[in-house]
Amino acid sequence: MGPSSVVVTIEKSIVELNGSNSLAFTEKQKSASPKQFTWVLLLKAHRALTCISWLAMSLRAMFASVKKRIALSQTSEEEPKHKGRLYRFLRACLAISILALVIEVVAHFKKWNLNLIYPWEVQGLVQWSYMAWLSFRVDYVAPLVMMLSKFCIVLFMIQSLDRLVLCIGCFWIKYKKLKPVIEGEAYDIEDCSSFPMVLVQIPMCNEREVYAQSISAVCQLDWPKDRLLIQVLDDSDDENLQLLIRNEAFSWKQKGVNIIYRHRYIRTGYKAGNLKSAMACDYVKDYEFVAIFDADFQPNPDFLKQTIPYFKGNPKLGLVQARWSFVNKDENLLTRLQNINMCFHFEVEQQVNGIFLNFFGFNGTAGVWRIKALEESGGWLERTTVEDMDIAVRAHLNGWKFIFLNDVRVLCELPESYEAYKKQQHRWHSGPMQLFRLCLPAVITSKISMWKKANLIFLFFLLRKLILPFYSFTLFCIILPLTMFIPEAELPIWVICYVPVFMSLLNILPTPKSFPFLMPYLLFENTMSVTKFNAMVSGLFQLGSAYEWVVTKKTGRSSESDLLALADRESKSSNQEKIQRRLSESGLEMFSKLKEQDVPIVKKRNRFYRKELALAFLLLTASARSLLSAHGVHFYFLLFQGLSFLVVGLDLIGEQIS
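Residues numbered from 1 in each chain as written. Predicted model: local features only at pLDDT ≥ 70, side-chain atom pairs only at ≥ 80, totals over all residues. Heavy atoms only, no water.

If you look the protein up in an unreviewed UniProt entry, it shows as Putative xyloglucan glycosyltransferase 4 from Davidia involucrata. We quote the UniProt Subcellular location (unreviewed entry) comment for the protein here in full: "Golgi apparatus membrane". Turning to the protein, the UniProt record has this under Sequence similarities (unreviewed entry): "Belongs to the glycosyltransferase 2 family. Plant cellulose synthase-like C subfamily." (UniProt positions renumbered as here; feature names shortened; annotations may be inferred.)

Put into structure tokens, the structure is as follows:
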């Protein structure tokens, strides 16, 4: 009965609708609306409850994770006096901003206004002090802040123009399909004597996680064995680890690989000293080229056949640099953001400079040098922590050319913890300033063209190594929050929003899949500016931290593909047989030494980073002040930038390390 009546009603409504009788349709709609309205309310209530429960669970999980990580945190070690100056400055700025915010809140609710109050209408010492501050701010503070902000904006636009030109050059290379060309004839595969003598060096220091896979990858390079020598340059201070690395090299030597293990008892000069010591060996004079791989790099077997031929027929070519490829780029948010930077560095900066200038900074690994170029340029020097950039600049001043191969990639890994990444960036940004001070006279007096001198001084060093960290820290971390308390010097929206977003978009173009991380990338780059600025200043003024060399912690993820081969190889023989085959020591003695090298499990802890936390509270205080003035973009930028500093300061980004 019920279903048939529904059908009849629907038919009537259809007929009446076709007959343009809207009155009956309206009555039917009114009769049906209470039930429909009830169902709509129930559906919306269900969706709202689902959304609220999901948000509650997400927030609970997030706060539980934050609570757990903070509970395991530890404050960083005490810094020397010269390293604490920036922190004291930031702490003073924070104290002043909090005091200013309190006064501004009081003035806001009491509706004090300098333009509407005459001097005889001022009531109380607090109001008089506030009026005096407003007058002093307008006459003296605001002009000074405006002058500094305009100077930083000019630097910002110059650097943005440089980045835009590099991107245009990259587009031109892709459009014209420009690539380095092999000028000489290919090597005769049947005649091994036609292949040049190649030396491969693997410098390492306490690289427990990656040494075996790195040695394995290099030992499998496709090159005539009698034309190839591998040097394992071990600077480890752990005797058990030295034993393991020597053991690994010996096992490959028994397979017919021409490999030598070298260990320095006096580790002077860090990596540069290690390479310099290895190049001093008598047998090096028999070799024409040297390939260098850091301990976490794993070249493909055809690496030498893809790089060495470019030297043939090109006697002025000193370096062939390959691109890095990261196996752990999707491991966490920190590695994703690093991958954006590194891809832009290789695909845009190095490729453009390699094609149009035949010069770029050597990356320290995954490259092949002509040994003659190294010797004529003075060899490895221990005067800075960026020995790779040092030798590249000196070779460029001596007229040697460089080639960058964007298609040849070598697997490696990115730092997965913020602590490791922070130390790496400190070295990468303090070293160039050390080098700039040391090599500036040599650049000025060199015989290269004026254009190359200008490019080296103004673009390579000043703009990209000094100006970039200076303006990014000063403009976005100091001046911007300061202008919230000095509205007369307020920065325009295009400076804090439009141009930075556009520049970040250009940086992400080489990695289109990273587009969803555009805003996190922009915020994180500003967050890292405090580390880069501190490193730049320490290197420029030769502060103690400029000479710190900390080996970047590895996890061994870059060698996951080789672990299977390693396990298969080791499964073919028992541990006792391998021990007896590798060394002449007794089996029990060797086994006990291998047991001793097991690393005890240490609970991983977070760290507190004081400068980042001080900046976080400074920016959040400034965002609260901008809220009083109803600033839209300024408020949101300061809020999210402050939160990003807070996340980094509490070490809540990336993985923890022991």
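(A) Up close: the pairing of strand β2 (residues 198-204). Of all the seven residues making up β2, seven are buried; the element is thus mostly covered by neighbouring parts of the structure. Both faces of β2 are covered, namely the face carrying V198, V200, I202 and M204 and the face carrying L199, Q201 and P203. Looking at chain direction, β2 and strand β3 (residues 228-234) are connected through seven bridges and run parallel. Residue pairing across strands places V198 opposite L228, the latter belonging to β3. Relative to strand β5 (residues 289-292), β2 runs parallel, the two being bridged by four bridges. The partner of Q201 across the bridge, within β5, is I292. (Buried < 20%, exposed > 50% of the residue type's maximum accessible area, 1.4 Å probe, protein only. Helix = DSSP H or I, 4+ residues; strand = E, 2+ residues; numbered from the N terminus. Pairing = 2+ DSSP bridges.)

(B) View of the environment of T385. With respect to the helices and strands, T385 occurs in the loop between α10 (371-376) and α11 (387-397). What makes T385 buried here is its relative accessible area of 3%. For the pair T385 and R427, spaced 42 residues apart in sequence, the C-alpha separation works out to 6.7 Å.

(C) Representation of the nonpolar core in the model. Counting residues in each nonpolar core, the largest one holds 142 residues, and the members touching the most others are I215, W369 and V393. Residues within four places of V393 in sequence aside, it is in contact with F359, L435, C439, L456, F460 and F461. (Core = buried A, V, L, I, M, F, W, Y, C linked by side-chain atoms within 4.5 Å. Contact = heavy atoms within 4.5 Å.)

(D) Layout of the packing of α11 against helix α12 (residues 418-445). Running from N to C, α11 and α12 cross one another at 15°; their axes reach a closest spacing of 11 Å. The orientation of α11 with respect to α12, classified from their angle, is roughly parallel. With respect to the hand of their crossing, α11 and α12 are arranged in right-handed fashion. Contact with α11, carried on its side by M389, D390, V393 and L397, involves P432, L435, C439, A442 and V443 of α12 and no other residues of that element. When the residues that make up the contact of α11 with α12 are grouped by side-chain class, the tally is eight nonpolar, no polar and one charged. (Axes fitted to C-alpha atoms, helices over the stretch in contact; angles between N-to-C directions. Parallel < 35°, antiparallel > 145°, perpendicular 65-115°, else oblique. Left-handed = near helix turned anticlockwise from the far one by under 90°. Nonpolar A, V, L, I, M, F, W, Y, C, P; charged D, E, K, R; others polar.)

(E) Representation of the layout of surface pockets in the model. The calculated volume of the second largest pocket comes to roughly 640 Å³. Lining the second largest pocket are 25 residues; nearest its centre among them are C93, I96, V141, L482 and I486. At the level of elements, α3 (81-110), α4 (125-176) and α13 (450-483) are the ones that each hand at least two residues to the lining of the second largest pocket. With eight residues, α3 is the single largest residue contributor to the lining of the second largest pocket. (1 Å grid on protein atoms, 1.4 Å probe; cavity = no way out; pocket = protein on both sides within 12 Å on 5 of 7 lines; lining within 4 Å. Points joined across faces, edges and corners; volume = space filled by probe spheres on them.)

(F) Examining a positive patch on the surface more closely. Judged by side-chain charge, K316, K372, K401 and K452 come together as a positively charged surface patch. With respect to the element layout, K401 can be found in strand β8 (residues 401-412). Using a relative accessible area of 41% as the deciding quantity, one classes K401 as partly exposed. (Patch = residues over 30% accessible without salt bridge, like charges linked within 9 Å, V, L, I, M, F, W, Y side chains within 5 Å. Areas by Shrake-Rupley, 256 points an atom, 1.4 Å probe, with all protein chains shown as cover. Salt bridge = Lys/Arg side-chain N within 4 Å of Asp/Glu carboxyl O. Lys, Arg positive; Asp, Glu negative; His and termini not counted. Charge placed at Lys NZ, Arg CZ, Asp CG, Glu CD.)

(G) Geometry of the UniProt feature "transmembrane region" (unreviewed entry) in the protein. The UniProt feature table records "transmembrane region" (unreviewed entry) at residues 89-109, 140-158, 456-485, 491-509 and 613-628. As annotated, residues 456-485 has a helix share of 93% and a strand share of 0%, and its two end C-alpha atoms lie 40 Å apart. In the segment residues 613-628, helix accounts for 100% and strand for 0%; the C-alpha atoms at its two ends are 23 Å apart.

(H) Representation of the sheet that holds β8. The sheet built from seven strands is open, its strands ordered β4-β3-β2-β5-β7-β6-β8 with mixed pairing. Across the chains shown, the open sheet's two edge strands, defined by having one partner strand only, are β4 (259-263) and β8. Across the sheet, the mean angle separating the axes of adjacent strands is 20° when strand polarity is ignored. Along the sheet, helix α6 (residues 239-253) contacts β2, β3 and β4; its crossing angle with β4, the most-contacted strand, is approximately 165°.

(I) Up close: empty space enclosed by the protein. Counting across every chain of the model gives two cavities of 30 Å³ or more. Estimates place the volume of the second largest cavity at around 30 Å³. Every residue lining the second largest cavity is listed: L357, F359, H396, W451, K452 and N455. The dominant element in the lining of the second largest cavity, judged by the number of residues it contributes, is α13, at three residues. Within the lining of the second largest cavity, the residues separate by chemical class into three nonpolar, two polar and one charged.

(J) Structural context of α11. Most of α11 is tucked away, with 11 of its 11 residues classed as buried. Those residues of α11 lying buried are E387, D388, M389, D390, I391, A392, V393, R394, A395, H396 and L397. The elements touched by buried residues of α11 are α7 (270-279), β7 (367-370), α10, β8, α12 and α13.

(K) Highlighting the pattern of salt bridges. According to the stated counting rule, one finds 19 salt bridges in the structure shown. R383 is the partner of D390 in a salt bridge, and the nearest nitrogen-oxygen pair spans 2.9 Å. Residue D390 is classed as buried on the basis of its relative accessible area, which comes to 0%. You can call R383 partly exposed: its relative accessible area is 32%. Here K532 makes a salt bridge to E525, at a shortest N to O gap of 3.5 Å. Of the two residues, K532 and E525, both sit in the buried class. Residues joined by salt bridges that share partners form a network here, namely E104, R137, E488 and R625.

(L) The side chain of S430, seen in detail. Checked against the element boundaries, S430 lands in helix α12. Look at S430 and you get buried, because its relative accessible area is 1%. Separated by 2.9 Å, the side chain of S430 and the backbone oxygen of H426 make a polar contact. (Polar contact = N/O pair within 3.5 Å; in protein donor to acceptor, adjacent residues only side chain to side chain.)

(M) Region of the structure containing the confidence of the model for the protein. On average, residues of the protein score 83 in pLDDT, and 80% of them reach the 70 mark or higher. Per-element confidence in the protein ranges from a low mean pLDDT of 41 for helix α17 (residues 575-582) to a high of 98 for β7. Segment residues 77-82 is flagged for pLDDT under 50; beyond a separation of four residues in sequence, or across chains, it makes eight contacts in the model. A low-confidence stretch, residues 559-597 stays under pLDDT 50, and its non-local contacts, those more than four residues away or across chains, total 43 contacts. (pLDDT = per-residue confidence, 0-100.)

(N) The arrangement of the packing of aromatic side chains in detail. For the structure shown, the criterion picks out 25 aromatic pairs. Relative to W324, the ring of F297 lies with its centre 5.1 Å away and its plane at 75°, an arrangement referred to as edge-to-face. Taken together, the positions of F297 in the loop between β5 and α8 (303-307) and W324 in strand β6 (residues 317-326) put the pair 27 residues apart, joining distant regions of the chain. Per residue, the accessibility class of F297 equals that of W324, and both read buried. Ring centres 6.2 Å apart and planes at 50° place the aromatic pair F476 and F637 in the tilted group. Pair noted here: F476 is in helix α13 and F637 is in helix α20 (residues 633-649), with a separation of 161 residues, a long-range link. When sorted by exposure, F476 lands in the same class as F637, which is buried. (Phe/Tyr/Trp six-rings, centres within 6.5 Å; stacked < 30°, edge-to-face > 60°.)

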